[in-house]
Amino acid sequence: MFVSSKLSKAVSLAVAFGAVSGVTFSGSVHAQETDSVERIQVTGSSIKRTDFEGALPVQTIDRAAIDRSGLATAGDLIQSIPSMQGFTSDGDSVGGGGGGMKTASLRGLGAEYTLVLINGRRMAPRGSGSTIDLNSIPLAAIERVEVLTDGASALYGSDAIAGVVNFITKDDAQGVNVTARYSKPEEKNGTSDNFSITGGLGNFDTDGYNVLLSYSRDSQEQLKATDRDFAKSGIIPFSVNNKDYYYVAGSPNAIPANARYVYTDADGKSVNSAAFNPYAKQNGACAPDNFESSGLCQYDYTTTVEILPESKRDSLMLGTDIAINDDTKFFADVMYSDFSQTTRIAPNATGFFALDANSALAQQYVMPYVDPAHVGSVTSVQAQWRALPLGGRATEWNTKSTHIVSGVEGVIDTIDYSAAFTYSKNDTDENIAGGYPIYDKFMDAVSSGLVNVFETPDKISAAGLQALQDSQYFGNWSNDTTEVKGFDLKASTPVYELPAGDVYIGTGVEFRNTNYVSSLADANKQDLLLGANIGSEYDLSRDNYGGFVEVIVPVLEDLELTGAVRYDNIGEVTSDFVYNEDGVAGPGSYKVNDSMNDTTYKLALRYNATEDLLLRASTGTGFKAPSMLALGQPKVEFGVTSGAYLCPFTGTTDPLAAVCSVSPQQFEAFSQGNPNLKPEESKQYTLGFVYAPDNNFSFSMDYWNIELTNLVTSVTESQIVADPVRYRDLFTTKTNKATGQEELAIVFASVNVGQSKNSGIDWDLTIGNDLSFGRLSTTLAGTYVLDSEYTRPGTTNDWISSLGRFGDDNAVVFRTVAKFINTLTHGDFAHSATLNYRSGYEDQAQSAASRYVRLGSVNGVGVDMQLSVPSYATVNYQTKYQAMDALGVTFGINNLADRAPPLSLRSGGAGHQVGFDPRYTDVYGRTFYLGLDYKFM
């Protein structure tokens, strides 16, 4: 059998090397005792067997590797794997669409295509689809992580198109283990600390039971934009070809306020004047922290945002294994996590609000600058202000996750079986924690003149400041709850003995019900706040069931074939609310769509070409139903666009030209589902090998190819604005309740966009060297993406790509992501150095019309500009000293060279950060950490 060959032993040793180095990237699963006949099950197969090296590439990160990674959270650990691209990071929650989440995403396809499991079973997703929030998983409770980098829909269901991440929790622990860690950047703020205590009672093998209890506490301090030089301002000087330029990112919601007036033209129509800044008119320049742009003042809001939000997590895990008899055990696992993250963006951007044209404010600051041709026809004046005295807009995302699995597993004759019931729930509160005023109270303060919006904030009276503080709302805004109930039954057994070995068969069935409920606070329902998005209430549910059969056949002594087929039925989505055309929910129930079903397959082979060389290949199909919200979400408010744009209908005969502004503005935005969406389908294959001539060398390489059809996505804001003819149906208007006027808005609607093609190569080289004073192990692992493209929404053959460039989807797929790990062990010490590398890319292109890039000065002319963002590499160092059997001490430095993020001129993508991209870089700078691990026996 392969398990006894030199190749298998070398691959086993490569796993051990990876544990010392930091992360295992070889195509091997977690090492098991090779002299045992116990059958084991690995990620990517339902069958327990004595071999552990299969036909599919599985990367493993064991506990030793987790500890040596220098990373303290499950999200950071998973996102450090080279094959992970396209995930949601902490930075996305700072004004972006993160919503307090952190996700896993293989191959740049997105989190919804990567299945995340706990001990081989599903968790409740965040929202109505399949995306798992990694913030709900306590890293202290994890024994190892297995990452299948190949599609596995035929075994696991529709959302495993890109692969599977399987977190394996600790079990059968004895004694008490306490760990603590403190991390501090060299520069100010951004500290973090972690504490965990794990205790185990009973030895399952000798006592017939084991109870494990683990508690962990993690906290992360906020990192503000002003804490780092590369992030502290939206006005960024740089040079290209000996010419000086300025990147200028600001907002027309300025302080002091910009203004405009409304007048009646000769035809009796109401017309908005061009905006201007009264303070600049009176003083000859914009106020501090503001700059001129297109004839008005813009506020440098970057000075008030954060780079990364603060967070804290309390987690509890209880695991129980009880032997019922020699062949059967009862198990139960309970995980509970309470995670909160507070995000802060710039102070409230009021948009235009109306003031009485006869008020003292209007007469002093606006009317003197009315065009003489319009004097006598002015009907109102309007102000556009930044509510700096209120402080930043703060939102607390609090997610309580409960995951309970109980069941039995055992052996009947030669049949291994397991049956379990799963209850999993995510309960997320969105709470307003500051910066959002109640509209009526705010308008009373500013329209009365108590708050003078046309002066600098230091000139606002104490009474005005108090009135603003009294207008603030604190409390709940919305709640989303996702609840999953499921049952699964699986079994596997050898069924026939061939000359080359046993034929194995595995089969399983599962059923689950998913219910998603979104409820709103009264302030949300009544639209009481200024600048907050009002939501809609949902109650969506559907049932899924599926079944599969898997067979492993040893055709020859060195050739093994695996085949699997699965049937899934994704039930119809039903809603307990009926919505009108404005997205307002009322009583009633209806069916959103019809059920969807499909049969998928997987074929794989493993061939031992020689004792040292293993060849493997696989091919299969996948099927993914759209999420419940992608199908059933009514049109709801979705904030504003991340960029400011000139109205694309100016000067046209389109009716929307009537609501155009003459200066660049952030458009209002809506989000909407589409009940006519079709399921996505995939075809994929892999080809690879593992070469291991001896116990000190192994090299693996795998080519992967994934093609998707009926891809579900939303058209991005830049695509919509750049092509208003093609996407005319995605433009609409929204009434500004402060002025009563209609303003231009866009709709982010779910659509099937056609096809996507994705391919690349994963590699792993591991070398071990025995030295006179210790052992040196080296691993070079990474991913090289060959192709990543998809058809432009609304077309069938217009292919666009984000590979090596900031794409139309506001993201980058990196050509190369790699790790180079060296670990030296000697005596009681282990020293590790890890190089993390991402290749460079073409930055987002900025046009002269947008004036994001200006020649010579902040007030210079706009120019076309596209930078090349250079490659980015950081080095992490760690030393671990085993001071005694029970005590380990770890010291580490992340980003040893203090590498700052490279300049990026992006105006879209992640959150509100400016001048860099927090998704792809280390924003902390050089960071020191100290960890202790003590075990009481």
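Bear in mind the structure is a predicted one, so any value in this text is a computation, not a measurement.

Caption draft 1: A look at unusual backbone geometry. With an omega of 5°, the peptide bond between Ile 255 and Pro 256 qualifies as cis. Mapped onto the secondary structure, Pro 256 falls in the loop between β11 (243-248) and β12 (258-264). Phi at Asn 242 is positive, roughly 65°, even though this residue is not glycine. Note on placement: Asn 242 falls in the loop between β10 (235-240) and β11. Judged by its relative accessible area of 81%, Asn 242 is exposed. Residue Asn 895 is not a glycine yet carries a positive backbone phi of 55°. Along the chain, Asn 895 falls in the loop between β47 (887-894) and β48 (927-936).

Caption draft 2: Just the pattern of salt bridges, in detail. For the structure shown, the criterion picks out 34 salt bridges. Among the ionic pairs, Arg 63 bridges to Asp 67, the shortest N-O distance being 2.9 Å. One end of the pair, Arg 63, and the other, Asp 67, are both in helix α2 (residues 63-68), four residues apart, so they sit about a helical turn from each other. Given the relative accessible area of 33%, Asp 67 is considered partly exposed.

Caption draft 3: Looking closely at the side chain of Asn 277. Residue position: Asn 277 is located in the loop between β13 (270-272) and α6 (278-283). Here the side chain of Asn 277 touches Tyr 279 through a polar contact of 3.2 Å, landing on its backbone nitrogen. Setting aside anything within four residues of it in sequence, one finds Asn 277 in contact with Pro 256, Ala 257, Asn 258 and Cys 297.

Caption draft 4: Geometry of the environment of Asn 210. Its place among the elements puts Asn 210 in strand β8 (residues 209-220). Relative accessible area serves as the criterion here: at 2%, Asn 210 is assigned to the buried category. Taking the C-alpha atoms as reference, Asn 210 lies 8.0 Å from Asp 171; in sequence the two are 39 residues apart. Apart from residues no more than four positions distant in its own chain, Asn 210 is found in contact with Asp 171, Asp 172, Ala 173, Gln 174, Leu 201, Gly 202, Phe 204, Gly 319, Thr 320 and Asp 321. From its side chain, Asn 210 meets the backbone oxygen of Ala 173 in a polar contact 3.0 Å long.

Caption draft 5: Fine view of the packing of helix α8 (residues 439-447) against helix α9 (residues 462-471). α9 packs onto α8 with a crossing angle of 170° between their chain directions and a minimal axis gap of 8 Å. Comparing the axis directions of α8 and α9 gives the class roughly antiparallel. Between α8 and α9 lies a crossing whose hand is left-handed. Side by side, α8 and α9 meet where Lys 441, Phe 442 and Ala 445 of the first sit next to Ala 467, Leu 468, Asp 470 and Ser 471 of the second. Split into classes, the residues belonging to the contact of α8 with α9 amount to four nonpolar, one polar and two charged.

Caption draft 6: Region of interest: the sheet that holds strand β3 (residues 121-122). Pairing is mixed in the open sheet, where five strands are placed in the order β1-β4-β5-β2-β3. Edge positions in the sheet fall to β1 (58-62) and β3, since each has one partner strand and no second. Pairing analysis gives six bridges linking strand β4 (residues 142-148) to strand β5 (residues 163-169), with the strands arranged antiparallel. Its bridge partner being in β5, Glu 146 is matched across the sheet by Asn 166.

Caption draft 7: Just the nonpolar core, in detail. If you look at the biggest cluster of nonpolar residues, it comprises 59 residues, and the most contacted ones within it are Tyr 247, Phe 353, Trp 385, Val 453 and Phe 454. Top contributing element to this core by residue count: α8, with five residues. If we ignore the near neighbours within four places in the chain, the residues touching Val 453 are Pro 256, Ala 257, Phe 353, Ala 383, Trp 385 and Val 446. Formed by 41 residues, the second largest nonpolar core is a distinct cluster that contains Ile 78, Tyr 113, Met 123 and Val 147.

Caption draft 8: Focus on the pairing of strand β38 (residues 755-771). Sheet topology note: the strand β34 (residues 697-709)/β38 ladder contains 13 bridges and is antiparallel. When the sheet's bridge partners are listed, Leu 708 is paired in β38 with Ser 756. Direction of pairing for β38 relative to strand β39 (residues 774-791): antiparallel, over a ladder of 16 bridges. Paired with Leu 765 across the strands is Leu 780, a residue of β39. Joining the antiparallel neighbours β38 and β39 is a turn of two residues.

Caption draft 9: Seen up close, α9. Residues of α9 that are buried include every one of Gly 464, Ala 467, Leu 468 and Ser 471, and no others. Looking straight down α9, one finds that the buried residues subtend no more than 100° of arc, so they occupy a single side. In this structure, the buried residues of α9 make contact with β20 (378-386) and α8.

Caption draft 10: Summary view of the pairing of strand β23 (residues 475-498). Here 17 bridges tie strand β22 (residues 415-434) to β23, and the two strands are oriented antiparallel to one another. Across the sheet, Ala 419 pairs through a bridge with Leu 489, a residue of β23. Sheet topology places β23 next to strand β24 (residues 501-520); 20 bridges connect them, and they run antiparallel. If you follow Leu 498 over to β24, its bridge partner there is Gly 501.

Conventions and cut-offs
Residues numbered from 1 in each chain as written. Predicted model: local features only at pLDDT ≥ 70, side-chain atom pairs only at ≥ 80, totals over all residues. Heavy atoms only, no water. Helix = DSSP H or I, 4+ residues; strand = E, 2+ residues; numbered from the N terminus. Buried < 20%, exposed > 50% of the residue type's maximum accessible area, 1.4 Å probe, protein only. Salt bridge = Lys/Arg side-chain N within 4 Å of Asp/Glu carboxyl O. Polar contact = N/O pair within 3.5 Å; in protein donor to acceptor, adjacent residues only side chain to side chain. Contact = heavy atoms within 4.5 Å. Axes fitted to C-alpha atoms, helices over the stretch in contact; angles between N-to-C directions. Parallel < 35°, antiparallel > 145°, perpendicular 65-115°, else oblique. Left-handed = near helix turned anticlockwise from the far one by under 90°. Nonpolar A, V, L, I, M, F, W, Y, C, P; charged D, E, K, R; others polar. Pairing = 2+ DSSP bridges. Core = buried A, V, L, I, M, F, W, Y, C linked by side-chain atoms within 4.5 Å. Arc of directions from axis to C-beta.

Everything listed here is a matter of geometry and, on its own, says nothing about what the molecule does.
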